[in-house]
Amino acid sequence: MRGVISFTVIVVLLLALAFPAAAEEADFTLGRFVTCQRIVDREPVGITGTFPEDTVKVYAFIEALDIARETGIKIQWLFEDKQTAIIELTLGQSKRWRTYSSKRIGIRHGNWEVRLLDSQDNLLRSLAFTVQ
């Protein structure tokens with residue numbers, strides 16, 4: 001009997017090592033990921049991919065649905081392909097969770113990208129936008 005239990009434990013451990021992605025499957029469904037001019041009452045306003053030159057701040061809005069457990073995400077901001085910031089956020093276990101990150105633009109007019117990453121830095125979605 002002891003041998004059967006030991007064998008079962010070994011098989012379970014080997015399966016866990018062979019299929020680590022199964023435990024790391026998506027902890028949520030992405031409802032919306034948009035860039036916008038501002039957030040009002042937890043909703044994006046002025047959704048766009050092109051911002052005027054006098055833009056002070058750009059927002060990346062995230063709506064997550066059916067969050068299985070507390071989940072870490074990251075928002076990575078890039079200007080002209082160079083990282084300017086990475087923001088860590090936590091989604092709570094919920095049917096719906098809305099959050100956002102913002103970036104001050106300053107004089108950095110040109111091509112931007114904002115990336116939504118999971119806690120292991122895997123790319124979930126990216127958005128390109130320009131500041132004219």
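Scroll up to find the structure.
These numbers come from a predicted model, not from an experiment.

S.K.: I'm lost on the packing of aromatic side chains in this one. Help?
M.R.: The geometry of an aromatic ring pair is captured by two quantities: the separation of the ring centres and the angle between the planes. Using the criterion set out here, one finds 5 aromatic pairs in the structure. Ring geometry for tyrosine 59 against tyrosine 100: centres 5.7 Å apart, planes inclined by 65 degrees, an arrangement best described as edge-to-face. Separated by 41 residues along the polypeptide, tyrosine 59 in strand β5 (residues 57–67) and tyrosine 100 in strand β8 (residues 94–104) bring together distant segments of the chain. Linked through ring pairs, Phe51, Trp77, Phe79, Trp112 and Phe129 together constitute an aromatic cluster.

S.K.: Help me understand the environment of glutamate 80, please; the structure alone is not making it clear to me.
M.R.: Within the fold, glutamate 80 resides in the loop between β6 (71–79) and β7 (82–91). Using a relative accessible area of 38% as the deciding quantity, one classes glutamate 80 as partly exposed. Considering only alpha carbons, one finds glutamate 80 and threonine 130, 50 residues apart in sequence, at a separation of 9.9 Å. For glutamate 80, the contacting residues outside a window of four places in its chain are His109, Gly110 and Asn111.

S.K.: So what exactly am I meant to see when it comes to the sheet that holds strand β10 (residues 123–131) here?
M.R.: Across a sheet, paired strands are connected by hydrogen bonds in the backbone, their directions being either parallel or antiparallel. Within the open sheet, the 5 strands sit side by side as β4-β10-β9-β6-β7. Their pairing is mixed. Pairing within the sheet leaves two strands with one partner each, and these edge strands are β4 (50–51) and β7. Summarising the sheet, β6 and β7 pair through 9 bridges and their orientation is antiparallel. Looking at β7, one finds that glycine 72 is bridged to threonine 90.

The rules behind the values
- Residues numbered from 1 in each chain as written.
- Predicted model: local features only at pLDDT ≥ 70, side-chain atom pairs only at ≥ 80, totals over all residues.
- Heavy atoms only, no water.
- Phe/Tyr/Trp six-rings, centres within 6.5 Å; stacked < 30°, edge-to-face > 60°.
- Helix = DSSP H or I, 4+ residues; strand = E, 2+ residues; numbered from the N terminus.
- Buried < 20%, exposed > 50% of the residue type's maximum accessible area, 1.4 Å probe, protein only.
- Contact = heavy atoms within 4.5 Å.
- Pairing = 2+ DSSP bridges.

By themselves, these are just geometric observations and shouldn't be taken as functional.
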